[in-house]
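What follows is the residue order along each chain.
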Amino acid sequence: MVKPQLTTPQLMWLVASSLLPGLLVATLYFGHTILLNCAVAVGVCLLADIFSTRNPRIVSDGSATVTGLLIGLSLPPSIPLHLVALAGLAAILLGKVVFGGLGKNTFNPAMVGYALVLVAFPEDLTHFDATTGATALDVLSHRGGITVGEASRSPAYGDFGALGYEYVNVAFLGTGLFLVGFRIIPWYLPLGMLVGLALPALLFYDSGSSASLGSPLFHLFAGGTMLAAFYVVTDPVTAPRSVGAKILFATGIGCFTLIIRAFGAWPDGIAFAVLLGNAFVPLLDKIPFRRRLPTS
């Protein structure tokens, strides 16, 4: 299949549209607050983009819309709306504008906004659900000396991942594969992250003892794994240039995610893993891989 020649706005709007099935599934499981979070995040991102550039037409490029959707989908459903707005504002002003605008940012803007409110307001971003209590990643991270099997009896666990999140992840896996199939995003970036997450989880699974880090299947379908793999790690601006460096970049993010989930203070470490990966990009770009990708 020949890769379609898309302009940046066309690419952004295609990516934004492909996020909608996952948004629908998330809404079915977690309620209308997900829609509200996305609406506020997108609105703030658009306004911040307009006021920072003094160009109302900038909203047509779709980048702020994608950033807002990623923020709204990443944040917990019960988070106060003023923190959603703060995340959107930080994403545009700190994640994009300070670096010179679209195409010049070093760090993924959505993850900048998410990480800022996560660090500044940890109690508000603790992943709790009104029905099940702590989410499965919280249960796994703070299970104490009980085994993974005992922890999996929590109502926060679903059929093969985290309750609710497992099917949201399935939705993003499906739309992500659509983007890969039409060569909108390269296959090796999401695959690299998923392997980087699943392989060490498999190595340290030991059939689910109290020392286990959790099963690979659970980690693949918990938290924001598939959203990050297909929509965040694949950001062409904040990834390295060469294929080899991209693979190391994505695999490293997967490994960092598992490490933070297992040993960090936050149950889902994807945002910090992505930002760490972004920070290593200048170093990765210095590795003399033979094949390099075009900069456009």
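Shown above is the structure to which this text applies.
This one's a predicted model, so the numbers in the text were calculated from it and none came from an experiment.

Engineer: Provide a residue-level description of the overall build of the protein, including the pertinent values.
Structural biologist: The helix and strand tally for the protein stands at 14 helices and two strands. Counting across all 296 residues of the protein, residues that qualify as buried make up 52%. Taking as baseline every contact in the protein between residues at least 6 positions apart, the subset at least 24 positions apart corresponds to 72%. As presented, the protein carries roughly 13,400 Å² of accessible surface, and 69% of it is formed by carbon and sulfur atoms.

Engineer: Before we move on, can you summarise the environment of Ala26 with the specific residues and values?
Structural biologist: Turning to its location among the elements, Ala26 is positioned in helix H2 (residues 20-30). Overall, the relative accessible area of 4% leaves Ala26 in the buried class. Considering only alpha carbons, one finds Ala26 and Tyr165, 139 residues apart in sequence, at a separation of 7.6 Å.

Engineer: Give me the lowdown on a nonpolar patch on the surface, citing residues and values where you can.
Structural biologist: On the surface, a cluster of nonpolar side chains totalling about 750 Å² of accessible area is made up of Trp187, Leu191, Val195, Leu199, Leu202, Leu203 and Phe204. Structurally, Phe204 is set in the loop between helix H10 (188-203) and helix H11 (216-220).

Engineer: Lay out the side chain of Ser215 with the relevant residues and their values.
Structural biologist: Along the chain, Ser215 turns up in the loop between H10 and H11. A polar side-chain atom of Ser215 sits 3.1 Å from the main-chain amide nitrogen of Phe218.

Engineer: Tell me about helix H3 (residues 33-53), residues and numbers included.
Structural biologist: Across its 21 residues, H3 extends 30 Å between first and last C-alpha, which sits within 8% of the 30 Å expected from 1.5 Å per residue. Looking at H3, one finds that the buried residues are Ile34, Asn37, Cys38, Val40, Ala41, Val42, Val44, Cys45, Ala48 and Asp49. In this fold, the buried residues of H3 make contact with H2, helix H4 (63-74) and helix H5 (81-93). Remark: Arg54 follows H3 within two positions and exhibits a positive phi of approximately 55°.

Engineer: Explain the packing of aromatic side chains to me, using residue names and the numbers behind them.
Structural biologist: Counting across every chain of the model gives seven aromatic pairs. Between the aromatic rings of Tyr29 and Tyr167, the centroid separation amounts to 5.8 Å while the plane-to-plane angle is 10°, which identifies the pairing as stacked. Of this pair, Tyr29 sits in helix H2 while Tyr167 sits in helix H9 (residues 165-181); the two residues are 138 residues apart in sequence, bridging distant segments of the chain. The partly exposed category is assigned to Tyr29, whose relative accessible area is 42%. Relative accessible area serves as the criterion here: at 30%, Tyr167 is assigned to the partly exposed category.

Engineer: Explain the packing of H5 against helix H6 (residues 109-120) to me, and be specific about the residues and the numbers.
Structural biologist: Between H5 and H6, whose axes approach to 7 Å, the crossing angle comes to 135°. In terms of axis orientation, H5 runs oblique to H6. Both H5 and H6 take part in a crossing whose hand is right-handed. Here Leu83, Leu86, Ala87, Ala90 and Ala91 of H5 come into contact with H6, specifically with Pro109, Ala110, Val112, Gly113, Tyr114, Leu116 and Val117. Its residues assigned to classes, the contact of H5 with H6 shows eleven nonpolar, one polar and no charged.

Engineer: Now, about empty space enclosed by the protein: what can you tell me, with residues and values included?
Structural biologist: Counted according to the given criterion, the structure contains two cavities of 30 Å³ or more. The space that makes up the largest cavity amounts to roughly 330 Å³. Elements supplying a minimum of two residues to the lining of the largest cavity: H2, H4, H6, H9, helix H12 (225-232) and helix H14 (270-284). Here the lining of the largest cavity takes four residues from H9, the largest share from any one element.

Engineer: Go over the pattern of salt bridges, please, and point to the residues and values.
Structural biologist: For the structure on display, the rule yields two salt bridges. Taking the shortest distance from any N to any O, the salt bridge between Lys96 and Asp49 comes out at 3.1 Å. In this pair, Lys96 sits in the loop between H5 and H6 while Asp49 sits in helix H3, placing the two residues 47 residues apart along the sequence. By relative accessible area, which is 5% here, Lys96 ends up buried. Taking relative accessible area as the criterion, Asp49 reaches 2% and is therefore assigned buried.

Engineer: I'd like a description of unusual backbone geometry, backed by residues and values.
Structural biologist: Of note in this structure, Arg54 is not a glycine but carries a positive phi near 55°. Along the chain, the position of Arg54 falls in the loop between H3 and H4. In this structure Arg54 comes out as exposed when scored by relative accessible area, which is 75%. Not every positive phi belongs to a glycine, and Arg183 is a case in point at roughly 60°. Structurally, Arg183 can be placed in the loop between H9 and H10.

Engineer: Explain the environment of Leu177 to me, and be specific about the residues and the numbers.
Structural biologist: Structurally, the position occupied by Leu177 is in helix H9. Residues Leu177 and Phe230, spaced 53 residues apart in sequence, show a C-alpha to C-alpha distance of 8.1 Å.

What counts as what
- Residues numbered from 1 in each chain as written.
- Predicted model: local features only at pLDDT ≥ 70, side-chain atom pairs only at ≥ 80, totals over all residues.
- Heavy atoms only, no water.
- Helix = DSSP H or I, 4+ residues; strand = E, 2+ residues; numbered from the N terminus.
- Buried < 20%, exposed > 50% of the residue type's maximum accessible area, 1.4 Å probe, protein only.
- Contact = heavy atoms within 4.5 Å.
- Areas by Shrake-Rupley, 256 points an atom, 1.4 Å probe, with all protein chains shown as cover.
- Patch = residues over 30% accessible without salt bridge, like charges linked within 9 Å, V, L, I, M, F, W, Y side chains within 5 Å.
- Salt bridge = Lys/Arg side-chain N within 4 Å of Asp/Glu carboxyl O.
- Polar contact = N/O pair within 3.5 Å; in protein donor to acceptor, adjacent residues only side chain to side chain.
- Expected span 1.5 Å × (residues − 1).
- Phe/Tyr/Trp six-rings, centres within 6.5 Å; stacked < 30°, edge-to-face > 60°.
- Axes fitted to C-alpha atoms, helices over the stretch in contact; angles between N-to-C directions.
- Parallel < 35°, antiparallel > 145°, perpendicular 65-115°, else oblique.
- Left-handed = near helix turned anticlockwise from the far one by under 90°.
- Nonpolar A, V, L, I, M, F, W, Y, C, P; charged D, E, K, R; others polar.
- 1 Å grid on protein atoms, 1.4 Å probe; cavity = no way out; pocket = protein on both sides within 12 Å on 5 of 7 lines; lining within 4 Å.
- Points joined across faces, edges and corners; volume = space filled by probe spheres on them.

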